[in-house]
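Overview (structure and organization)
Listed below are the residues making up each chain.
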Amino acid sequence: MSPASSHALKHPPVTAPSEPAGAPSDFPELAVAIDRQRRRGRGAQSNASGRFEAEARVTFDDGWQSLEELPPFKTTVGIDTSRKVITRNESPDIGFDRSINPYRGCEHGCVYCFARPTHAYLGLSPGLDFESKLFVKPEAPALLEKELAAPGYEPRMIAIGTNTDPYQPIERERKIMRGILEVLERAGHPVGIVTKSALVTRDIDILARMAKRNLAKVGISVTSLDPKLARTMEPRASTPSKRLEALKQLSEAGIPTTVMVAPVIPALNDSEIERILDAAAHAGVKEASYVLLRLPLEVRDLFREWLMANYPDRYRHVFTLIRDMRGGRDYDPKWGERMKGTGPMAWTIGRRFEIACDRLGLNKRRSKLTTDHFAKPKRNGDQLSLF
């Protein structure tokens, strides 16, 4: 153990097998990977300490071969005791100002997940901790009802799934998301859902009723149609075929659906844009969107490790293209550009997406949700109206 100021301990230098042009000869941000058997079924390769920690811990062999005795990473669940469930934002380049996240951390383990750095605020690693140390908000439905009933609350669409997936495996048992939907349906409040899980079809009964009143829509991210790539990159998310089947079932139930080609990773899955859109259109989807790969904070290091471990021959090419679309950097957080990037390659991806959508008849009309049905939930002690 050593103070976090010792960068070499926290992130030992590793020579990249094929470096992007102009890159340094070593990458001190690449942490030593955890043994494959210990992290089997996980996305991240390592578990470096969070950026706010005063001390860093690394695994090393002390000569007694004790590493072989370490247990595999198992999913644990803690309780999030937050007293509010609606999160507000003022970002000018996203289409909602409020969201709900029933869970912190996500067992899907998507290596590129931009939400990983949030685990550092809990004193945990954005790496393996993010996908194995989860926190649930069991009071979320009750807290939501209380916030909707608060004086002065003005309804607007609530987005769910914008940080961690509300339909990750833990939802099968906890059913927090279903409880939230029940509250929103009673209140006549609009909701937009984003997920990678076919578990969303479990709630078709509620979503279909809400959709009839223009209160619900669902977006499912389909990153690749290649099962091997999807399993490696998103180890515990639903398979591509399951996601397409979920889109079909939702569409047939009258629920507005969107296929999200997200993230688009140059030289890895960008060649599949047209195929994904075509498959989604055949499943009955009417709307589509895409987002370019984002690598904020620790996500960059985790993605580099993953890419070097699984696709070392593409490492140089992928990061060269990423930098071409991010103004020479690994990531540019500038509003209005962070989702799509800039430069010729970013323009080409955007144009290919638009042409494919036009050919398939996607995005001809955009589903719009309404707040016309909203009725504040009754609070304990509220007096009934005489009229």
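Note that this is a predicted model, so its numbers are computed, not measured.

Basis of the calculations
- Per chain, the residues get numbers from 1 upward, laid out in the order the sequence is written.
- With pLDDT at 70 or above as the cut-off, local features in this predicted model cover only qualifying residues; side-chain atom pairs require 80 or more to be listed or tallied, and sums for whole chains, interfaces and linings still use all residues.
- Processing note: side-chain calculations cover all non-hydrogen atoms of the structure and skip hydrogens and water entirely.
- Structural elements are reduced to axes, namely lines fitted to C-alpha atoms, with helices fitted over the stretch in contact, and the angle between N-to-C directions of any two is expressed from 0 to 180 degrees.
- Note on conventions: DSSP H or I runs of at least 4 residues are helices, E runs of at least 2 residues are strands, and numbering of each starts at the N terminus.
- To sort the angles, those under 35 degrees are grouped as roughly parallel, those over 145 as roughly antiparallel, those from 65 to 115 as roughly perpendicular, and the leftovers as oblique.
- Should the near helix be turned counterclockwise from the far one by less than a right angle, the crossing is left-handed, whereas a clockwise turn marks it as right-handed.
- Should any heavy atoms of two residues lie within 4.5 Å, those residues are considered in contact.
- Throughout this entry, Asp, Glu, Lys and Arg are counted as charged residues, while Ala, Val, Leu, Ile, Met, Phe, Trp, Tyr, Cys and Pro are counted as nonpolar. The remaining residues, Gly among them, count as polar.
- By definition here, a helix of n residues has an expected span of 1.5 Å times n minus one.
- Using a 1.4 Å probe on the protein chains alone, a residue whose accessible area is under 20% of its type maximum counts as buried, one over 50% counts as exposed, and one in between counts as partly exposed.
- Whenever a nitrogen or oxygen atom comes within 3.5 Å of another N or O atom, the pair is scored as a polar contact, on the condition that within protein one atom can donate a hydrogen and the other can accept it, and that pairs from neighbouring residues in sequence are kept only if both atoms are in side chains.
- Criterion used throughout: strands pair if DSSP finds at least two bridges between them.
- Values of pLDDT, ranging from 0 to 100, describe the predictor's confidence in every residue of the model.

1. Quick look at the packing of helix α9 (residues 273-282) against helix α12 (residues 344-360)
- At their nearest, the axes of α9 and α12 sit 10 Å apart, and the two run at 25° to each other. Considered as vectors, α9 and α12 are oriented roughly parallel to each other. Viewed along their axes, α9 and α12 form a crossing whose handedness is right-handed. Only Ile-349, Arg-352, Phe-353, Ala-356, Cys-357, Arg-359 and Leu-360 of α12 make contact with α9, whose side of the interface consists of Ile-273, Glu-274, Leu-277, Asp-278 and Ala-281.
- Residues that form the contact of α9 with α12 fall into these classes: eight nonpolar, no polar and four charged.

2. Some words on helix α5 (residues 176-187)
- In this model, α5 (12 residues) spans 17 Å end to end at C-alpha, consistent with the 16 Å of a helix rising 1.5 Å per residue.
- Taken across its 12 residues, α5 has 10 buried, putting it largely inside the fold.
- Regarding α5, the residues found buried are Ile-176, Met-177, Arg-178, Gly-179, Ile-180, Leu-181, Val-183, Leu-184, Glu-185 and Ala-187.
- Positive phi appears at Gly-188, one or two residues downstream of α5, with a value of about 65°.

3. A closer look at the side chain of Arg-326
- Considering the arrangement of structural elements, one finds Arg-326 in the loop between α11 (315-325) and α12.
- Only 3.3 Å separates the side chain of Arg-326 from the backbone oxygen of Glu-337, close enough to count as a polar contact.
- Not counting chain neighbours up to four residues away, the residues in contact with Arg-326 comprise Leu-292, Leu-293, Arg-294, Tyr-331, Asp-332, Glu-337, Arg-338, Met-339 and Gly-341.

4. Things to note about the pairing of strand β10 (residues 216-221)
- Among the six residues of β10, five are classified as buried, and the element is accordingly described as predominantly covered.
- As defined by bridge partners, strand β9 (residues 191-195) adjoins β10 across five bridges and the pair is classed as parallel. Among the inter-strand pairings, Gly-192 is bridged to a residue of β10, identified as Lys-217.
- Bridging between β10 and strand β11 (residues 257-264) involves four bridges; their strand directions are parallel. From the neighbouring strand, Ser-221 faces β11, where its bridge partner is Met-260.

5. Points about the environment of Val-218
- Relative to the elements of secondary structure, Val-218 occurs in strand β10.
- Val-218 sits in the buried class, given a relative accessible area of 1%.
- Counting along the chain gives 40 residues from Val-218 to Thr-258, while the straight-line C-alpha distance between them is 6.3 Å.
- Excluding residues within four positions of it along the chain, Val-218 makes contact with Ile-193, Val-200, Leu-207, Leu-250, Ile-255, Pro-256, Thr-257 and Thr-258.

6. Remarks on the confidence of the model for the chain
- With 86% of its residues at a pLDDT of at least 70, the chain reaches an overall mean of 89.
- For residues 1-18, every residue scores under 50 in pLDDT, and the model assigns this stretch 52 contacts once sequence neighbours within four places are set aside.
- Long-range and interchain partners of residues 20-31, a stretch whose pLDDT sits below 50, account for 46 contacts in this model, where long-range means more than four residues apart.

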